[in-house]
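In case you want the letters, here they are:
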Amino acid sequence: MVHQLPTGAKDLLPLDVAQKRWIESRIQQVFQLWGYQRIITPTIEHLRSLTAGGAVDPESVIQLPSNSSDVLGLRPEFTASIARAYAARLGSHVATCPQRIYYNANVFRRRGNNTSEESFQAGVELLGASGLMADGEILMLLAESLDRLELQNWQIILGDARLTTALLDLLPEQYRTKVRQCLANLDRVAIAEMDLPTDVKGYAIELIDLRGKPKDLLSRLSTSAWTSGLTGEINYLKSLIDLWESTGGNSDRLILDLSFMQTFDYYTGIVFEVACDNYVVAQGGRYDHLLGVYHPHNVSYPSIGFCLNLEELQQALQSRLPQTLTNSSYLVVAKEPDAVQAAFAHAAQLRQSSDLEAVELELQFRAVEAVRDQARSRGIPKIAWVSSDGAIVSETLN
Ligand SMILES: N[C@@H](Cc1c[nH]c[nH+]1)C(=O)O
């Protein structure tokens, strides 16, 4: 029988794992330097918890049969699980806020035609914090994580769920849903072809074009006839961009896109994704009402976070990642059966040495040349030949 993996599943072989570790260890270092602590939430939860009060489509969750009446599912992302874990724990005590939490694990999504996909995310959630400094911290932490990986050519596409909704609310009610759909799909043609009063169409097209350098776009927006009631939201974004620039953020890295919308529907403030060579390597945003979905009395805590998509990062970083595995430093060989004990003892002694990589044992009694060939082919530079009387001869291969 041929045992194939289900469509969408994959094995990570040791080199894939080494590359993934390379990325993870750097990102986690940065998260920890900013004071974030790691959380591990369960892979399986109740479907109703994973769907975050309707913000995550249950169709995207891989559901599991269960004996109880509650359907279970595999987590499709972490934000809902962390909101569930912390909603009741934060309490009203000021000292518990903010909480800085990070995670690094696998998530599972059901794709079209019933295939499933497992992928890996490393991310942070800043719980119980709002305002300019909190949003600024998350954007800067994101930038520092990407810089730590020496990722090139990345750009943050920054939107604002609240402002986008407010801009759409300026349209007469009967057109809002349709125009929102066109914005989500960046479908300019559909807007142009819609049967709309001329001024409404002009405004809808203005909305789809709200993408560009943050400062240019914001000044265009402040002078638009439609947006006079939105100065608070517009000024907030101006201040955030100023903070980014004044703290060393590269202004070319930031694109403001007020037609940008996220897949999950729990966002209430800034939203963003990071694009790099056609890969979306990270996404996130502010979600001020989500913790309330899980709190026994619906009390919410303003929060914000992001996750990095490790497979996409691995693709975008490919040429910088390790291309080979680390070889062992020594092959320890028992020359005859009654040297086995001494060979184990010598290998153990070598492993104590801090300047060596791994020490491997030869497991068969092969001819000397066959052992040397074996070591060479595995890139092991040294052999320790152990005799039954305990004598050891070290050989460096050339
Ligand atoms: N959980 C979101 C990313 C995110 C983290 N925090 C806020 N948003 C995702 O998987 O897309």
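This is a predicted model, so every value here is computed, not measured.

1. Here we look at helix 6 (residues 173-184)
Argument step 1. Between its first and last C-alpha, helix 6 extends 17 Å over twelve residues, near the 16 Å set by a 1.5 Å rise per residue.
Argument step 2. Listed in full, the buried residues belonging to helix 6 are Tyr-175, Val-179, Cys-182 and Leu-183. End-on view of helix 6: buried residues confined to an arc of 95°, all on one side of the axis. The exposed set on the far side of helix 6, more than 90 degrees from its buried face, consists of Glu-173 and Thr-177.
Argument step 3. In the core, the buried residues of helix 6 are packed alongside helix 5 (161-169), helix 7 (188-193) and helix 8 (198-208).
Argument step 4. Directly beyond the C-terminal end of helix 6, a positive phi value near 50° is found at Leu-186.

2. Some details on the pattern of salt bridges
Argument step 1. Applying the stated criterion to the full structure yields 21 salt bridges.
Argument step 2. Notably, a salt bridge pairs Lys-20 with Glu-24, separated by 2.8 Å at the nearest N-O pair. Residue Lys-20 and its partner Glu-24 are located together in helix 1 (residues 14-33), separated by four residues, close to a single helical turn.
Argument step 3. Residue class for Lys-20 comes out buried when judged on its relative accessible area of 13%.
Argument step 4. The partner of Arg-84 in a salt bridge is Glu-45, with the nearest N and O atoms 2.5 Å apart. Residue Arg-84 is found in helix 3 (residues 79-90), and its partner Glu-45 is found in strand 2 (residues 44-46); the two are separated by 39 residues along the sequence.
Argument step 5. Look at the salt bridges and you will find they share partners, linking Lys-20, Arg-21 and Glu-24 into a network.

3. A look at the pairing of strand 7 (residues 155-160)
Argument step 1. Where burial is concerned, most of strand 7 is hidden: five out of the six residues are buried.
Argument step 2. In this structure, strand 7 lies alongside strand 10 (residues 270-276), joined through six bridges in antiparallel fashion. Bridge pairing in strand 10 places Leu-158 opposite Phe-272.
Argument step 3. Inspection of the sheet shows strand 7 paired to strand 9 (residues 254-257) by three bridges, in the parallel sense.

4. Some words on the UniProt feature "binding site: L-histidine" (unreviewed entry) in the chain
Argument step 1. Those places that UniProt annotates as "binding site: L-histidine" (unreviewed entry) correspond, in this numbering, to Glu-77, Phe-78, Thr-79, Arg-109, Gln-121, Glu-125, Tyr-266 and Tyr-267. Lining the largest pocket, from the residues named above, are Glu-77, Phe-78, Thr-79, Arg-109, Gln-121, Glu-125, Tyr-266 and Tyr-267.
Argument step 2. Considering the arrangement of structural elements, one finds Arg-109 in strand 5 (residues 99-110).
Argument step 3. Residue class for Arg-109 comes out buried when judged on its relative accessible area of 17%.

5. Looking at the packing of aromatic side chains
Argument step 1. Considering all chains together, one arrives at seven aromatic pairs under this definition.
Argument step 2. Measuring from ring centre to ring centre gives 5.6 Å for Phe-31 and Tyr-102, while their planes differ by 55°; the resulting arrangement is tilted. Of this pair, Phe-31 sits in helix 1 while Tyr-102 sits in strand 5; the two residues are 71 residues apart in sequence, bridging distant segments of the chain.
Argument step 3. By relative accessible area, which is 0% here, Phe-31 ends up buried.
Argument step 4. An aromatic cluster is built from Phe-264, Tyr-266, Tyr-267 and Tyr-287, whose rings are joined through pairwise contacts.
Argument step 5. Between Lys-20 and the ring centre of Phe-120, over which it is positioned, the NZ or CZ distance is 4.0 Å.
Argument step 6. When the ring centre of Trp-154 is taken as origin, the NZ or CZ atom of Arg-253, which lies over that ring, is 4.2 Å away.

6. What about the site of the ligand?
Argument step 1. Around the ligand sit 16 residues in total, of which Glu-77, Thr-79, Glu-125, Tyr-267 and Gln-283 are the nearest.
Argument step 2. Interatomic distance of 3.5 Å between a side-chain N/O atom of Arg-109 and an oxygen atom of the ligand.
Argument step 3. A distance of 3.3 Å is found between a nitrogen atom of the ligand and a backbone nitrogen or oxygen belonging to Gly-305.
Argument step 4. If the ligand stood free it would expose 310 Å²; the protein chains cover 98% of that surface.
Argument step 5. The cavity that encloses the ligand is the largest pocket.
Argument step 6. Every element with two or more residues in the shell around the ligand is listed here: strand 5, strand 6 (116-127), strand 11 (279-286) and strand 12 (303-309).

7. Quick look at the confidence of the model for the chain
The predicted structure's coordinates, where accompanied by low pLDDT, should not be read in detail.
Argument step 1. Summary statistics for the chain give a mean pLDDT of 93 and a share of 99% for residues scoring 70 or more.
Argument step 2. As a predicted assembly, this complex carries a pTM of 0.93 together with an ipTM value of 0.99.

8. Focus: the packing of helix 5 against helix 6
Argument step 1. Taken N-terminus to C-terminus, the directions of helix 5 and helix 6 make an angle of 135°; their axes are 10 Å apart at the nearest point. Comparing their axes, helix 6 and helix 5 come out oblique. In this structure, the crossing between helix 5 and helix 6 has a hand that is right-handed. On helix 6, the residues touching Thr-164, Thr-165, Leu-168 and Asp-169 of helix 5 are Arg-176, Val-179, Arg-180 and Leu-183.

9. Considerations on the sheet that holds strand 15 (residues 382-386)
Argument step 1. Strand order in the open sheet formed by four strands is 14-13-15-16, and the pairing between neighbours is mixed. Two strands lie at the open edges of the sheet, namely strand 14 (359-361) and strand 16 (392-396), each paired on one side alone. Direction aside, the axes of adjacent strands within the sheet are offset by 25° on average.
Argument step 2. Helix 14 (residues 368-377) contacts strand 13 (330-334), strand 15 and strand 16 of the sheet and is inclined by roughly 145° relative to strand 15.

10. Looking at the environment of Glu-77
Argument step 1. Inspection of the secondary structure assignment puts Glu-77 in the loop between strand 4 (72-74) and helix 3.
Argument step 2. The exposure class of Glu-77 is buried, given its relative accessible area of 3%.
Argument step 3. Distance from Glu-77 to Phe-264, taken between C-alpha atoms, is 9.9 Å for residues 187 residues apart in sequence.
Argument step 4. Ignoring sequence-local partners within four residues, the contact set of Glu-77 consists of Val-56, Val-107, Arg-109, Gln-121, Phe-264 and Tyr-266.
Argument step 5. Among the polar contacts listed, one links the side chain of Glu-77 to the backbone nitrogen of Ala-80, at a separation of 2.9 Å.
Argument step 6. Within the structure, Glu-77 has its side chain in polar contact with the side chain of Tyr-266 (distance 2.5 Å).

About the criteria used
- Residues numbered from 1 in each chain as written.
- Predicted model: local features only at pLDDT ≥ 70, side-chain atom pairs only at ≥ 80, totals over all residues.
- Heavy atoms only, no water.
- Helix = DSSP H or I, 4+ residues; strand = E, 2+ residues; numbered from the N terminus.
- Expected span 1.5 Å × (residues − 1).
- Buried < 20%, exposed > 50% of the residue type's maximum accessible area, 1.4 Å probe, protein only.
- Arc of directions from axis to C-beta.
- Contact = heavy atoms within 4.5 Å.
- Salt bridge = Lys/Arg side-chain N within 4 Å of Asp/Glu carboxyl O.
- Pairing = 2+ DSSP bridges.
- UniProt positions renumbered as here; feature names shortened; annotations may be inferred.
- 1 Å grid on protein atoms, 1.4 Å probe; cavity = no way out; pocket = protein on both sides within 12 Å on 5 of 7 lines; lining within 4 Å.
- Phe/Tyr/Trp six-rings, centres within 6.5 Å; stacked < 30°, edge-to-face > 60°.
- Lys NZ or Arg CZ within 6 Å of the ring centre and 35° of its normal.
- Near = heavy atom within 4 Å.
- Polar contact = N/O pair within 3.5 Å; in protein donor to acceptor, adjacent residues only side chain to side chain.
- Areas by Shrake-Rupley, 256 points an atom, 1.4 Å probe, with all protein chains shown as cover.
- Sits in = over half its atoms within 2 Å of the grid points.
- pLDDT = per-residue confidence, 0-100.
- Axes fitted to C-alpha atoms, helices over the stretch in contact; angles between N-to-C directions.
- Parallel < 35°, antiparallel > 145°, perpendicular 65-115°, else oblique.
- Left-handed = near helix turned anticlockwise from the far one by under 90°.

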